[in-house]
Amino acid sequence: MFTEESVQVDVIPKFVEKLSNVNLLKLLDFVFEKLELAGVLCTRFPTFNLITLEVSFIKTQLVKPLFTFLQFSPNLESLVFNGVCRDKVNDEALTLDGVPRCLLMHLKSIKFRYYNGQLKELDLVQLFLQNARVLQTVIIEISSDHFVNSDKKKHTAEDVEDFNKKIMEQLLKYKWASADCAIKLCSF
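Small disclaimer: the values here were computed from a predicted structure and weren't measured. (Residues numbered from 1 in each chain as written. Predicted model: local features only at pLDDT ≥ 70, side-chain atom pairs only at ≥ 80, totals over all residues. Heavy atoms only, no water.)

Novice: Please explain the overall build of the protein chain as it appears in this structure.
Specialist: Counting secondary structure elements, the protein chain contains 7 helices and 6 strands. Written out in order from the N terminus, the α and β elements of the protein chain read α-β-α-β-α-β-α-β-α-β-α-α-β. When burial is assessed residue by residue, the protein chain has 44% of its 188 residues classed as buried. Summed over its atoms, the accessible surface of the protein chain is roughly 10500 Å², and 50% of this surface lies on carbon and sulfur atoms. (Helix = DSSP H or I, 4+ residues; strand = E, 2+ residues; numbered from the N terminus. Buried < 20%, exposed > 50% of the residue type's maximum accessible area, 1.4 Å probe, protein only. Areas by Shrake-Rupley, 256 points an atom, 1.4 Å probe, with all protein chains shown as cover.)

Have a look at this one:
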């Protein structure tokens, strides 16, 4: 277990290489930044046998290194994000230089946990919807904090339904690469 400050750039590639045969990998988002800084995502990085990848809270600025990492995970079927932050970066951060093979051939499900209700958080969802050809399920778990932090003191089931409708309307504006994809919205 490393803290962000203690991770040496040259240690991460060696450590990650030893993990290349795991089926399930859970990573903190700063690992993608460290891998990018080390310059290993484009040179000497191993191919992973990953089936499931779980990523902690991810910032928009780390989407490009994440997608570069996905280039080395061709068999990935499931992806979980434990929070998304649309930080202040230009829109180029959400464009792909190439679509990872897993998005074209294998990625079947994505779960976005702790969605806070900001439409800008949907940018990452949009990126996956536009590029994942065999995607079957996208689950968006809406944090109750969204409703707690609003102006109303008490929320009804109708409020939740209206909010879900607003999200779906936004998602339906996007082009989807998979005709078989279903989106599930749930609150916790």
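Structure shown, so let's carry the discussion forward.
Novice: In this structure, what is going on with the environment of Phe32? I would like to understand it.
Specialist: For Phe32, the location among the structural elements is in helix H2 (residues 30-38). The exposure class assigned to Phe32 is buried, which follows from its relative accessible area of 0%. When the C-alpha atoms of Phe32 and Phe67 are compared, they prove to be 9.4 Å apart, with 35 residues separating the residues in sequence.

Everything listed is a geometric property; what it means functionally is a separate question.
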